[in-house]
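A closer look at the structure
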Amino acid sequence: MLKLERVTGGYFSDPIVQNISFSVEKGEFFGILGPNGSGKTTLLKIISGILPVMEGKILIDGKEIHQYSRKKLAQKIAVLSQISPQAFSYTVKETVELGRYAHQKGVFHQWTIEDEKIVQQVMEETNTLHLQHATLQELSGGEQQRVYLAQALVQQPDILLLDEPTNHLDLAHQKNLLDLLKKQKLTVVSVFHELNLASLYCDRLLLLNNGRMQLLSSPDEVLTESQIKEVYQTEVRKQAHYDIAKPQIHIKPELDSSDESRWNIDASLLKIEKEKIVLQSPKALRTVSSGVVGSGIGWRSVFINRKVPPDYQHARPVKEMEGYLANFGFPLTQTVAMMTAVEMDDACYGFYEEEDFSVLTVVTAGIGNAIDSTKAEKPVPVEVGTINIWVFVNGKLSDEAFIQGVMTATEGKAQVLRELEIVDEETKTIATGTPTDSILIAATQSGRNFPYAGAATDIGRCIGKSVYNETKKAIEKYLQRKQKERHRF
Ligand SMILES: Nc1ncnc2c1ncn2[C@@H]1O[C@H](COP(=O)(O)OP(=O)(O)OP(=O)(O)O)[C@@H](O)[C@H]1O
């Protein structure tokens, strides 16, 4: 549909963009990225015919753009105008109507029912209809942007060229505008400054660097940490979007040196009370957890293991737990909270200090419902039994290390159950845990760097060993308590 063949162009004789070649297919959303001054706007102006092609060719549907009449080209390509002060005395509706010029026939450019229908429909879609009688100067920057988009859309072009279409828009209007363009299945070529929006909406991205093509590929290939560092001279982190398979880029603010300094979590921060265990960290820790509250991946500074009655039943345990936390004034957004029916006195913890890192591990263990997850058909709850494991690492864990930390901790727990011959009463085989076990791996993200935390690493073995030791002590305490209770009755 749109094809650039070795295009060079710019202002006067200055070739700002050089040797650009790509094709855009019908219905494709094509993004142009690059640092300030890399030639994005210049390239768009060359494509739209505002600036001449110095070398190479631009073809639309196989025909070079200079072979199209102005009106015919306007039916093929629309450009989202930049806000221009001279247009300010027009009303919104008049401004949008100008977009129909390319389709008006005859010498007198008669306005048809069809023209009116399209204008009404597009103004509705762009949320500009209610502004129709206002003049442009009475509108905010974002409202003006939507009016110009409406003007381009009523042109019903095959290809829409946009230069930073969202730069004046608030969050909702950014999303609405890009959703609208996506829904219309238009062929869009758009300059973006916002890498994350470009990633979410574009099928392919062209990354420009000093007027030349750095890379043309999918968002995932273009938006890599190393590529962005090279082109934008900025350190970034790349992560997958929470809901869809598109990358998102995070910049990291420059911190003052005190924020980078090493700090530790140790047992002095731990408070074991009758009804709960609390650890409050002076700073947020990066966490991976399966708590009732604060599960998943995040940054948290308050950790609660709450004792509930053995017959605890609640239709909405998360809500109930949130209410409990709020009662104590614990900040919900910063808290990981678990529950157990185990006596808090039976909690076990240990601080494991190695040469250049340390680990604090806290375990409460009840094994009334011990289950062999590899054989059981379904859990058969008899009594309350939950093993809750907290592992605090004084060090910096990668995502991979967090996952391996969960693995090594689980291996430690399973080893205890095997050694103590804790049996799943249903299957009569050695249990692997209980049906409601919970885990937290939390790291200060200061001090030594740990790319991995599997059993091949000292941190992995330390996590495995600490969980093994503390779980063993906790289960032995639990068993002793049960035995005493049995003797009493
Ligand atoms: N009207 C002009 N006349 C001469 N040179 C220009 C003109 N407009 C831009 N340039 C030059 O062309 C180069 C590329 O500018 P362009 O606006 O295409 O970059 P851009 O990638 O869109 O930048 P930004 O991200 O800042 O919008 C710059 O060095 C700029 O100084």
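A quick note: this is a predicted structure, and the numbers were derived from the prediction, not measured.

Looking only at helices and strands, one finds 13 helices and 22 strands in the chain. Against the globule reference of 23 Å for 489 residues, the chain gives a C-alpha radius of gyration of 31 Å, more extended than a compact globule. Expressed as lengths along the three principal axes of its C-alpha atoms, the size of the chain is roughly 105 × 45 × 45 Å. When the 489 residues of the chain are sorted by exposure, 39% land in the buried category. Considering only residue pairs separated by 6 or more positions, the chain has 71% of its internal contacts joining residues 24 or more positions apart.

Residues L33, A150, A152, L160, L161, V189 and A198 are the most contacted members of the largest nonpolar core, which totals 61 residues. In terms of residue count, the dominant contributor to this core is helix α5 (residues 141–154) (7 residues). In contact with L33, other than residues within four places in its own chain, are F192, L195, A198, L205, L207 and L208. Membership of the second largest hydrophobic core comes to 60 residues, among which are F303, I304, I422 and I459.

A word on the domain arrangement of the chain. What the domain assignment reports for the chain is domain 1 (2–251) and domain 2 (262–488). A separation of 52 Å is found between the C-alpha centroids of domain 1 and domain 2.

Here the focus is the sheet that holds strand β1 (residues 2–11). Taking strand neighbours across the sheet as the criterion, the 4 strands line up as β2-β1-β4-β5 in an open arrangement whose pairing is antiparallel. One side of each edge strand has no neighbouring strand; the edge strands of this open sheet are β2 (14–24) and β5 (63–64). Contacts from helix α1 (residues 40–47) reach β1, β2 and β4 (53–60), with the element oriented near 65° to β2.

This part covers the site of the ligand. The environment of the ligand is formed by Y11, I16, G34, N36, G37, S38, G39, K40, T41 and T42. Among the elements that take part in the shell around the ligand, α1 stands out by supplying 3 residues, more than any other. Of the residues contributing to the shell around the ligand, the split by class is 2 nonpolar, 7 polar and 1 charged.

A sheet is described by the order of its strands in space; here 6 strands give the open sequence β6-β7-β8-β3-β9-β10, paired in mixed fashion. Single-partner strands in this sheet number two, and they are β6 (77–79) and β10 (212–217). The sheet shows a mean angle of 15° between the axes of neighbouring strands, taken without regard to direction. Taken together, the 5 bridges between strand β7 (residues 159–163) and strand β8 (residues 187–191) define a ladder with parallel strand orientation. Looking at β8, one finds that L161 is bridged to V189.

The contact between helix α12 (residues 399–419) and helix α13 (residues 458–488) brings their axes to 8 Å, and the two run at 35°. Seen from above, α12 lies across α13 with right-handed handedness. Each of Q404, G405, T408, A409, E411, G412, K413, Q415 and V416 in α12 lies in contact with α13, whose residues at this interface are G460, I463, G464, K465, V467, Y468, T471, K472 and I475. Classifying every residue of the contact of α12 with α13 by side-chain character gives 6 nonpolar, 8 polar and 4 charged.

Consecutive side chains of a regular strand alternate in pointing toward one face of the sheet and then the other. Relative to β10, strand β9 (residues 204–209) runs antiparallel, the two sharing 5 bridges. Residue pairing across strands places L205 opposite S217, the latter belonging to β10. In sequence, β9 turns back onto β10 through a hairpin of 2 residues, with N210 there showing a positive phi of about 50°.

A word on the pairing of strand β3 (residues 29–33). Across the 5 residues of β3, 5 count as buried, placing the element largely inside the fold. Burial of β3 is two-sided: the residues F29, G31 and L33 facing one way and the residues F30 and I32 facing the other way are all buried. Judged from the 4 bridges that link them, β3 and β8 form a sheet pairing that is parallel. Note on β8: the bridge partner recorded for F30 is V189. Of the strand pairs in this sheet, β3 and β9 are connected by 4 bridges, and their pairing is parallel. Bridging across to β9, I32 finds its partner in L206.

Thresholds applied
- The written sequence of each chain sets the order in which its residues are numbered from 1.
- The predicted origin of the model limits local features to residues at a pLDDT of at least 70 and limits the giving and counting of side-chain atom pairs to 80 or more, whereas totals for whole chains, interfaces and linings rest on all residues.
- Note on conventions: DSSP H or I runs of at least 4 residues are helices, E runs of at least 2 residues are strands, and numbering of each starts at the N terminus.
- Computation of the radius of gyration draws on C-alpha atoms, with the globule rule given as 2.2 Å multiplied by the number of residues to the power 0.38.
- Counting other C-beta atoms within 10 Å of a residue's C-beta gives its exposure: the residue is buried at 20 or more, exposed at 12 or fewer, and partly exposed in between, where C-beta atoms are placed from the backbone.
- Here, residue contact means that the backbone-derived C-beta atoms of the two residues sit within 7 Å.
- What we call a nonpolar core is a set of buried Ala, Val, Leu, Ile, Met, Phe, Trp, Tyr and Cys residues whose membership is set by joining through C-beta atoms within 7 Å.
- An automatic or database domain assignment is the source of the domain bounds shown.
- DSSP-based pairing: two strands are paired if at least 2 bridges between them are found.
- Every axis in this analysis is a line fitted to C-alpha atoms, fitted for helices over the stretch in contact. Angles between the N-to-C directions lie between 0 and 180 degrees.
- Nearness between a residue and a molecule or strand is assessed with a C-beta atom placed from the backbone; a distance within 6 Å qualifies.
- Three residue categories are used. Nonpolar comprises Ala, Val, Leu, Ile, Met, Phe, Trp, Tyr, Cys and Pro, charged comprises Asp, Glu, Lys and Arg, and polar comprises the others, including Gly.
- Rotating anticlockwise by less than a right angle from the far helix to the near helix defines a left-handed crossing, while the corresponding clockwise rotation defines a right-handed one.

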